[in-house]
Amino acid sequence: AGFSNHYSISIVGESRESTIITGGINVSSCMCYVTIQSCTVKGENSGCNIVALHVSGIYMSDVALVGTTAVF
């Protein structure tokens, strides 16, 4: 508490066609920067593909979502 860090989480695939993430991505309450790039994310049937809540920032590029939604 009382400070901010400058950590980051990067998920970078080779391409949307060759990099498939099944089950979704959930990054929450880490106060970090999140990069998601060059992949396909298949979420749970009853959940979200990507959840990124309470993060410092998010950058997404060349990402396909299959299934439900993304929450930021």
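Preceding block: the structure.
Residues numbered from 1 in each chain as written. Predicted model: local features only at pLDDT ≥ 70, side-chain atom pairs only at ≥ 80, totals over all residues. Heavy atoms only, no water.

*Asks:* Mind showing me how you'd approach a nonpolar patch on the surface here?
*Replies:* A cluster of nonpolar side chains, Ile58, Met60 and Leu65, forms an exposed patch at the surface whose accessible area comes to about 210 Å². Inspection of the secondary structure assignment puts leucine 65 in strand S6 (residues 57–66). (Patch = residues over 30% accessible without salt bridge, like charges linked within 9 Å, V, L, I, M, F, W, Y side chains within 5 Å. Areas by Shrake-Rupley, 256 points an atom, 1.4 Å probe, with all protein chains shown as cover. Salt bridge = Lys/Arg side-chain N within 4 Å of Asp/Glu carboxyl O. Helix = DSSP H or I, 4+ residues; strand = E, 2+ residues; numbered from the N terminus.)

*Asks:* Just checking my understanding: could you explain the nonpolar core for this structure?
*Replies:* Here is a general trend for soluble globular proteins: nonpolar side chains tend to be buried in one another's company. Counting residues in each nonpolar core, the largest one holds 12 residues, listed as Ile21, Ile25, Val27, Cys32, Val34, Ile36, Cys39, Val41, Ile50, Ala52, Val55 and Val63. Only strand S3 (25–28), strand S4 (33–42) and strand S5 (50–53) provide two or more residues apiece to this core. (Core = buried A, V, L, I, M, F, W, Y, C linked by side-chain atoms within 4.5 Å. Buried < 20%, exposed > 50% of the residue type's maximum accessible area, 1.4 Å probe, protein only.)

*Asks:* How should unusual backbone geometry be read in this particular structure?
*Replies:* Phi is mostly negative for residues that are not glycine, and the peptide bonds are mostly trans. Despite not being glycine, histidine 54 shows a phi value in the positive range, around 60 degrees. Looking at where histidine 54 falls in the secondary structure, it is placed in the loop between S5 and S6. A positive phi angle, close to 55 degrees, is found at aspartate 62, a residue other than glycine. Aspartate 62 gets classed as partly exposed once you look at its relative accessible area, which sits at 39%.

*Asks:* Help me out: how do you make sense of the pattern of salt bridges in this one?
*Replies:* If charged atoms from side chains of opposite charge come close, those side chains can pair. The full count for this structure, using the stated rule, is one salt bridge. A salt bridge links arginine 16 to aspartate 62, with the nearest nitrogen and oxygen atoms 3.2 Å apart. Of this pair, arginine 16 sits in the loop between strand S1 (8–12) and strand S2 (20–22) while aspartate 62 sits in strand S6; the two residues are 46 residues apart in sequence, bridging distant segments of the chain.

*Asks:* What is the right way to read the environment of lysine 42 from this model?
*Replies:* Structurally, lysine 42 can be placed in strand S4. On the basis of relative accessible area, lysine 42 is assigned to the partly exposed category, the value being 37%. Between the C-alpha atom of lysine 42 and that of isoleucine 25, which follows or precedes it by 17 residues, the distance is 9.1 Å. Those residues in contact with lysine 42 that sit more than four places away from it in its chain are Ile20, Ile21, Thr22, Gly23, Gly24, Asn49 and Val66. (Contact = heavy atoms within 4.5 Å.)

*Asks:* How do you make sense of the environment of isoleucine 21 when you look at a structure like this?
*Replies:* By secondary structure assignment, the location of isoleucine 21 is in strand S2. Isoleucine 21 sits 10 residues away from isoleucine 11 along the chain, and the two C-alpha atoms are 10.0 Å apart. Residues contacting isoleucine 21, with those up to four places away along its chain left out, are Ile11, Cys39, Thr40, Val41 and Lys42.

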